[in-house]
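For reference, the chains in residue letters:
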Amino acid sequence: MVLGSLWNSQNPKKAIKFCWVLILEPFLIMDDVEKAILISFEESGAIDSALKSQALSFCQQIKETPSVCRICIEKLCFCNLVQVQFWCLQTLHEVIRVKYAMLSLEEKDFIRKSVFSMCCFEVIDDKNNNAVRILEGAPAFIKNKLAQVFVTLVYFDYPLIWSSVFVDFLPHLRKGAVVIDMFCRILNALDDELISLDYPRTPEEMGVAGRVKDAIRQQCIAQIVNVWYEIVSMYRNSDLDLCSSVLESMRRYISWIDIGLIVNDAFIPLLFQLILVSGGSEQLQGAAAGCVLAVVSKRMDHQSKLAILQNLQINRVFGLVTGDIDSELVSKVAALITGYAVEVLECYKRVNTEDAKGVSLELLNEVLPSVFYVMQNCEVDNTFSIVQFLSCYVATMKSLSPLREKQLHHVGKMLEVICAQIRYDPIYRENLDMLDKIGREEEEKMVEFRKDLFVLLRSVARVAPDVTQMFIRNSLVSCISSVSERNVEEVEASLSLLYALGESLSDEAIKTGSGLLSELVPTLISTRFQCHFNRLVALVYLETITRYIKFVQEHTEYVPMVLTAFLDERGIHHPNFHVRRRASYLFMRVVKLLKAKLVPFIESILQVVSKPSSCFMAINCL
């Protein structure tokens, strides 16, 4: 009745607290481990703080008892409450990690056998059949914690004491998906906790990792690889998630096992079948692509790697990146294509024979169009890696001076990609023009994003100056010929390319107008774009003129055009305040550089400037 009145009074918190009191009243002396654990995990605020403090204290006392490992294993066998299971596994992990050396041989043996039995879905002894509960329907975090405990035992005892652990585990995989899944979690935990170099390791941990890897390689890795193959072959049409888990585990191990176990007439065809299957699971396809990427990225002699890369026939996957750009599969295949290209380029740099270099160059020519497509169309996390690869490619191609027709074609495509990548999204046009909070964030993000792309542009300009300048010229001409105001982003990108080009040119080259500069600079300073009202376009236009002002110093016939550009609505009379302010500052710099050459124009300047304050500093420099 009391409980009913609490619910009717719409006070469920009190009702919950009352329920806990009724349930736990007989156990206030805290002699029940499960109740204490449940209370210690209670976070709703329904439990009295003093009671919870007692529970926590009791749990801590249990941890300090000599029989804590046996208590935990007993609870794991008979209790299916996840809070109790997690506490017991966490406690086991702590005890093994900190106090394992102090345990008796009998206690260690009991822990090993018990944990092994739980992971293998078998009973601990003949008297009960409840040890399997921890795997049946357990949430992922419980299974992962059990795997972590298992790996901690491997850390201390394998292979000197627990020498047959992996060999003994393999036959249990016949029990099906539950044990196979657990085996994958153990392999993943072994990689995370001990082997992977993605995490900082102490010298001791590095030594143990080497010992474990050596033992696995010598003892059972061939058996494990065979099991991987059999499981994927058997479950590929019935349990796609399980196959994906197996392949994800396998991917982690390819970097340090014998590559011949994977690169053979059985496994490689299977992986490509999984990647290329029509209408298949994207998760499984992506996992298979990850394994192929691990093969491609494996460290080995470059002549041997080149043979592997050539035999993979990676062009079979190129078409997969043209699908839904937001899909996991496209992302994985994009990473595979990029990683493959990086390794082929590295082979080209390292191999010594002309035949090998020729093969590498052919493979590069084959994969580069897909790399460009990936960079331009796919939302991938490794855009920076692609830019780094392209920069390395351009630097390497210097040895082919002059560039061959195929390389010149790739350079042109590279410039197209750069131009496309540096364009702002039109959706932010108004924000960028008004420079509100969203506009500032977008501009800052783009400035940072462009840094590496402009480094790549300058590298391309040094290797292929004529191609680069011709591309920028054509891009600029295209913008000028457009009468639409909708090409704001295109104009801004083209002007930004011309501005960035100047950083790769010497002062002498700018002065003399080498290459197409003698055409580009006059075209620039004489142009009035339809979208000149836009803040970004106006700013980069003035910055670019300033960048090439040394050309005007040597070609004084263009001084009037420069003055007009700064003093009309493109500069200090622009409707945007930010542009007017920047124009005044840049005009001051231009005046300092041109000085004596401006004397004949002082009167004209004063007549044009209707607001002297807008360029006061510049006029004072005359």
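Described in the following lines is the structure provided in the data block. (Residues numbered from 1 in each chain as written. Predicted model: local features only at pLDDT ≥ 70, side-chain atom pairs only at ≥ 80, totals over all residues. Heavy atoms only, no water.)

The next point concerns the overall build of the protein. A count of helical and extended segments in the protein gives 32 helices and 0 strands. Out of the 622 residues belonging to the protein, those deemed buried represent 50%. Restricting to contacts in the protein with at least 6 residues of sequence separation, those with at least 24 account for 69%. Accessible surface computed for the protein: about 29400 Å², of which carbon and sulfur atoms make up 52%. (Helix = DSSP H or I, 4+ residues; strand = E, 2+ residues; numbered from the N terminus. Buried < 20%, exposed > 50% of the residue type's maximum accessible area, 1.4 Å probe, protein only. Contact = heavy atoms within 4.5 Å. Areas by Shrake-Rupley, 256 points an atom, 1.4 Å probe, with all protein chains shown as cover.)

Here the focus is the nonpolar core. Of all hydrophobic cores here, the largest spans 210 residues; its most connected members are Phe150, Phe169, Leu190, Trp228, Leu247, Leu271 and Leu390. When residues of this core are assigned to their parent elements, the largest contribution, 12 residues, is made by helix H17 (residues 328–350). For leucine 271, the residues in contact, after removing those within four places along its chain, are Leu247, Met250, Ile262, Ala288, Cys291 and Val292. (Core = buried A, V, L, I, M, F, W, Y, C linked by side-chain atoms within 4.5 Å.)

Right, let's talk about the pattern of salt bridges for a bit. Counting across every chain of the model gives 30 salt bridges. Across the pair arginine 429 and glutamate 489 runs a salt bridge whose closest N-O atoms are separated by 2.7 Å. Highlighted residues: arginine 429 in helix H21 (residues 429–434) and glutamate 489 in helix H24 (residues 488–501), separated in sequence by 60 residues. What makes arginine 429 partly exposed here is its relative accessible area of 25%. In this structure glutamate 489 comes out as buried when scored by relative accessible area, which is 9%. For glutamate 543, the salt bridge identified is with arginine 582, shortest N-O distance 2.6 Å. (Salt bridge = Lys/Arg side-chain N within 4 Å of Asp/Glu carboxyl O.)

Here H24 spans 20 Å end to end across 14 residues, near enough to the 20 Å set by a 1.5 Å rise per residue. Those residues of H24 lying buried are Val488, Glu489, Val491, Glu492, Ala493, Ser494, Leu495, Ser496, Leu497, Leu498, Ala500 and Leu501. (Expected span 1.5 Å × (residues − 1).)

Most of helix H14 (residues 267–276) is tucked away: 7 of the 10 residues are buried. Buried residues in H14 make contact with helix H12 (221–235), helix H13 (240–253), helix H15 (282–297) and helix H16 (302–312).

Let's shift gears to the layout of surface pockets. Each pocket or cavity is described by its volume, and for the largest pocket that value is around 720 Å³. Residue lining of the largest pocket: 25 residues in total, with Asp198, Arg251, Arg252, Ser255 and Ala294 positioned closest to the centre. Elements with a minimum of two residues in the lining of the largest pocket: helix H10 (177–195), H13, H15 and H17. By residue number, the principal contributor to the lining of the largest pocket is H15, which donates 7 residues. (1 Å grid on protein atoms, 1.4 Å probe; cavity = no way out; pocket = protein on both sides within 12 Å on 5 of 7 lines; lining within 4 Å. Points joined across faces, edges and corners; volume = space filled by probe spheres on them.)

In the contact formed by H14 and H15, the axes pass within 8 Å of each other and the chain directions differ by 140 degrees. Compared by their axis directions, H14 and H15 come out oblique. Seen from above, H14 lies across H15 with left-handed handedness. Of the residues in H15, those touching H14 at Leu271, Phe272, Leu274, Ile275 and Leu276 are Leu284, Gln285, Ala288, Ala289, Cys291 and Val292. Per-class residue counts for the contact of H14 with H15 are 10 nonpolar, 1 polar and no charged. (Axes fitted to C-alpha atoms, helices over the stretch in contact; angles between N-to-C directions. Parallel < 35°, antiparallel > 145°, perpendicular 65-115°, else oblique. Left-handed = near helix turned anticlockwise from the far one by under 90°. Nonpolar A, V, L, I, M, F, W, Y, C, P; charged D, E, K, R; others polar.)

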